[in-house]
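Residue strings, one per chain:
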Amino acid sequence: MQFFKRREDPVNEPPMAPQTQPPPPQQQQNGGQAPPAGNPFEPPMRAPEYDPMAIPRISVADRLTPVIEAEAHADDFFSMRRGATADGAVFSLEPNEMPAADGATSVLGADVQDLKRRIHKRFVKESEDDIASVSRLTKDQITEQIRLLTATIVQEEGVALTQTQRRVLIDAVVSEIAGFGPLEPLLNDPEVSEVMVNSASLIYVERKGKLIKSDAYFEDDAHALRIIERIVAPLGRRVDESSPMVDARLPDGSRVNAIIPPLALKGPSITIRKFSKDPYKAEDLVRFGTMTPQMVEFLRACVYGRLNIIVAGGTGSGKTTTLNVLSSFIPEDERIVTIEDAAELQLQQEHVVTLESRPANLEGKGEVAIRALVKNSLRMRPDRIIVGECRAGEALDMLQAMNTGHDGSLSTAHANTPRDCVSRLETMVLMAGTALPVRAIREQIASAIQLVVQQSRLRDGSRRITQVTEIQGMEGDVVVLQDIFRFEQRGMDSNGRVVGEVKATGLRPKFVSTLQAHGVSLPKDLFL
Ligand SMILES: Nc1ncnc2c1ncn2[C@@H]1O[C@H](COP(=O)(O)OP(=O)(O)OP(=O)(O)O)[C@@H](O)[C@H]1O
Ligand SMILES: [Mg+2]
């Protein structure tokens with residue numbers, strides 16, 4: 001169905017390369033020997049007073065950027081230990097202890113786990129003399145070396161291994177050396193969409209929308225911490241007692257949050273929201289049953305016709321994914337500015353400026369909030385502003401932008417119904433510290449936003465757009481909402497799947513005239 005001028009489908013380019021790759025490694029540490037002059041590991045000449053509380057004040061990102069880069073590589077074989085002595089901050093490399101567990105626990109028995117430890121240890125030992133060149137090896141080269149080493153050790157020890165055990169064993173050692181340890185198999189599993197480490201020994205995953213306990217585990221808290229450091233270090237971020245929460249991204253763009261003791265009582269906790277390298281497109285969401293082809297055409301028209309749209313939904317309901325799909329409907333020739341806490345959107349257009357907010361540094365300085373970025377984006381001549389998620393005061397700036405000519409803007413909000421979305425926005429505007437009366441805020445919302453796309457994760461794990469709702473305006477003190485499409489659940493089938501369908505309510509939205517002004521006309525039967 002096509003009822004308005006549709007631009008060419010975007011060229012199917014691979015997603016933007018994440019900017020998390022560290023530059024080529026620096027000169028590596030020489031095995032814990034006194035570092036040569038100019039070495040970034042060198043302690044400061046005049047040591048500050050030693051104060052245990054001050055240890056975390058070492059500003060790694062500011063002072064030791066080269067070390068961080070080196071760490072990202074050196075950490076494959078060695079961990080960088082941060083510490084403090086009377087001489088001040090000291091950084092040293094120490095061989096990694098061999099962690100035991102991985103996601104393949106069920107394939108590798110306890111004996112083989114032990115063998116895995118020995119292979120890793122021997123590799124570390126044999127690499128000790130030439131860390132610099134070993135750390136430049138590609139993953140394939142490391143795999144080859146581990147394969148040879150495994151063959152040698154298996155022969156020396158006369159161990160009997162099945163082909164599968166041997167493959168899983170090699171993968172597990174390589175993951176420890178060059179990957180994310182026990183998380184690696186989960187990250188590589190295309191069926192896993194989310195990885196949740198509750199504690200070192202308890203890891204859950206989301207598979208096909210369902211939360212399932214995984215058999216992967218970390219050896220101990222230190223092992224989990226080491227993997228977190230490996231994730232965050234290349235981004236110049238850090239995690240320790242003084243900054244126990246960190247947001248990061250994996251090289252493939254997956255979003256990572258880690259929180260460690262003393263805030264996390266059961267040890268380091270990690271949450272990874274995986275993103276498919278190929279972002280979902282409208283066709284995928286139709287295939288998953290998230291939206292119907294009619295809805296796609298309707299939403300395409302709404303985006304094309306420059307409506308301001310909020311995607312509402314609960315945690316993990318697929319808001320960002322749907323926002324990404326909506327943004328793909330923006331014509332190629334429009335200038336888009338995206339603003340996010342962690343850049344998750346993968347826009348296919350070329351004319352895009354991607355902005356990411358920044359948390360405060362250790363001294364509590366340097367924070368650049370979403371709000372400031374929204375304000376700044378107005379000076380960047382945007383045709384469209386996309387705010388990844390409205391959580392707080394930025395809602396006010398967003399509404400003001402929408403009301404002052406920056407129409408066609410898109411965002412998401414955490415809310416369970418479109419009505420809830422309106423009241424959340426109200427609260428967010430109040431969080432901006434404005435003295436506006438509630439009625440004025442409601443008027444702003446009612447005139448700024450035309451459409452709420454409500455998404456939910458249903459009991460069977462499926463994600464669906466459950467309501468597409470027009471914000472029509474105000475009646476007295478109340479914002480008037482009108483559903484255009486609604487998902488009606490009829491029950492569950494014998495396989496525990498939700499049964500139901502999307503129905504048009506039969507009401508034509510009031511914004512049809514706005515769409516017509518943009519050359520978009522919707523067929524009448526779309527709403528029947
Ligand atoms: N329509 C869908 N069908 C199936 N899986 C989906 C769908 N949309 C998103 N997902 C998957 O669900 C997970 C959560 O998606 P997404 O990040 O878009 O949700 P979110 O609502 O933005 O989450 P958060 O509240 O954490 O920001 C991702 O792994 C994504 O791949
Ligand atoms: Mg999101």
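Residues numbered from 1 in each chain as written. Chains lettered and ligands numbered in written order. Predicted model: local features only at pLDDT ≥ 70, side-chain atom pairs only at ≥ 80, totals over all residues.

1. Let's talk about the overall build of the protein
Thinking step 1. Helix and strand content of the protein: 16 helices and 17 strands.
Thinking step 2. Taking as baseline every contact in the protein between residues at least 6 positions apart, the subset at least 24 positions apart corresponds to 61%. (Helix = DSSP H or I, 4+ residues; strand = E, 2+ residues; numbered from the N terminus. Contact = placed C-beta atoms within 7 Å.)

2. Side note on the sheet that holds strand E12 (residues 384–390)
Hydrogen bonds between backbone groups are what pair the strands of a sheet, and the pairing can be parallel or antiparallel.
Thinking step 1. With mixed pairing, the nine strands of this open sheet are ordered in space as E11-E10-E12-E13-E9-E14-E15-E16-E17. A single partner strand is all that each edge strand has here, and the edge strands are strand E11 (352–356) and strand E17 (498–504). Taken pair by pair, the neighbouring strands of this sheet meet at an average axis angle of 20°, ignoring direction.
Thinking step 2. Bridge count between strand E10 (residues 336–340) and E11: five bridges; the pairing is parallel. Each residue of the ladder has a partner; that of Ile339, found in E11, is Leu355.
Thinking step 3. Helix H12 (residues 370–377) contacts E10, E11 and E12 of the sheet and is inclined by roughly 170° relative to E10.
Thinking step 4. Its contacts with the sheet put helix H15 (residues 438–448) on strand E15 (463–475) and strand E16 (478–492), and the angle it makes with E15 is roughly 120°. (Pairing = 2+ DSSP bridges. Axes fitted to C-alpha atoms, helices over the stretch in contact; angles between N-to-C directions.)

3. A look at the site of ligand 1
Thinking step 1. In the region of ligand 1, 17 residues are neighbours, and Ser193, Gly318, Lys319, Thr320 and Thr321 sit closest.
Thinking step 2. Broken down by secondary-structure element, the contributors of at least two residues to the shell around ligand 1 are strand E3 (192–199) and helix H11 (319–327).
Thinking step 3. Top element by residues in the shell around ligand 1 is H11. It accounts for three residues. (Near = placed C-beta within 6 Å.)

4. Here we look at the sheet that holds strand E7 (residues 255–259)
Thinking step 1. Read across the open sheet, the six strands follow the order E5-E4-E3-E8-E7-E6; overall the sheet is antiparallel. The sheet is open, and its two edges are formed by strand E5 (210–213) and strand E6 (245–249), each paired on a single side. Strand after strand, the sheet turns through a mean of 15° between neighbouring axes, direction not considered.
Thinking step 2. Direction of pairing for E7 relative to strand E8 (residues 269–273): antiparallel, over a ladder of five bridges. Bridge pairing links Val256 to Ile272 in E8.
Thinking step 3. Packing against the sheet, helix H8 (residues 221–232) makes contact with E3, E6, E7 and E8, and its axis sits at approximately 55° to E6.

5. Here we look at helix H14 (residues 418–431)
Thinking step 1. Along its 14 residues, H14 runs 20 Å from first to last C-alpha, staying within 8% of the 20 Å computed at 1.5 Å per residue.
Thinking step 2. Looking one or two residues beyond H14, the residue adopting positive phi is Gly433, at roughly 80°. (Expected span 1.5 Å × (residues − 1).)

6. Observations regarding the pairing of E16
Thinking step 1. By the bridge criterion, eight bridges tie E15 to E16 in an arrangement that is antiparallel. The residue bridging Glu470 from the neighbouring strand is Gln482, located in E16.
Thinking step 2. Bridge count between E16 and E17: seven bridges; the pairing is antiparallel. Counted as the bridge partner of Met492 is Val498 from E17.

7. Here's the deal with the environment of Lys281
Thinking step 1. For Lys281, the position within the fold is in the loop between E8 and helix H9 (282–287).
Thinking step 2. Overall, Lys281 belongs to the partly exposed group, with 17 C-beta atoms counted inside 10 Å.
Thinking step 3. Note: C-alpha distance between Lys281 and Thr322 (41 residues apart in sequence) is 8.7 Å.
Thinking step 4. Sequence-distant contacts of Lys281, defined by excluding residues within four places in its chain, comprise Val325 and Ser328. (Buried ≥ 20, exposed ≤ 12 C-beta atoms within 10 Å, placed from the backbone.)

8. Observations concerning the confidence of the model for the protein
Thinking step 1. Confidence in the prediction for the protein averages 80 pLDDT; 79% of positions are at 70 or higher.
Thinking step 2. Between residues 1–105, whose pLDDT stays under 50, and residues either more than four places distant or in other chains, the model counts 169 contacts. (pLDDT = per-residue confidence, 0-100.)

9. Some points on helix H13 (residues 394–403)
Turn by turn, an α-helix covers 3.6 residues, leaving residues three or four places apart pointing in a common direction.
Thinking step 1. Counted residue by residue, H13 has eight buried out of ten residues, so it is predominantly covered.
Thinking step 2. Restricting attention to buried positions, one finds in H13 the residues Glu394, Ala395, Leu396, Asp397, Met398, Leu399, Ala401 and Met402.
Thinking step 3. Each element contacted by the buried residues of H13 is listed here: H12, E12, strand E13 (410–414), H14 and H15.
Thinking step 4. Gly405 sits one or two residues past H13 and shows a positive phi near 100°.

10. A short note on unusual backbone geometry
With glycine set apart, most residues show a phi of negative sign, and most peptide bonds adopt trans.
Thinking step 1. In this chain, Pro261 is followed by Pro262 through a cis amide linkage whose omega measures 10°.
Thinking step 2. With respect to the helices, strands and loops of the structure, Pro262 is situated in the loop between E7 and E8.
Thinking step 3. Of note in this structure, Arg306 is not a glycine but carries a positive phi near 60°.
Thinking step 4. As for its placement among the helices and strands, Arg306 is situated in the loop between helix H10 (293–304) and strand E9 (309–313).
Thinking step 5. Accessibility expressed as a C-beta count within 10 Å gives 21 for Arg306, which makes it buried.
Thinking step 6. Here the phi dihedral of Arg381 falls at roughly 50°; this positive angle occurs in a residue that is not glycine.
Thinking step 7. Position of Arg381 among the secondary structure elements: in the loop between H12 and E12.

11. A look at the environment of Ala282
Thinking step 1. Along the chain, Ala282 turns up in helix H9.
Thinking step 2. Classification of Ala282 as buried rests on a count of 21 C-beta atoms within 10 Å.
Thinking step 3. On a C-alpha basis, the gap between Ala282 and Thr321 in space is 9.8 Å, while along the polypeptide they are 39 residues apart.
Thinking step 4. Every residue in contact with Ala282, bar those within four places of it in the chain, is listed here: Val296 and Val325.

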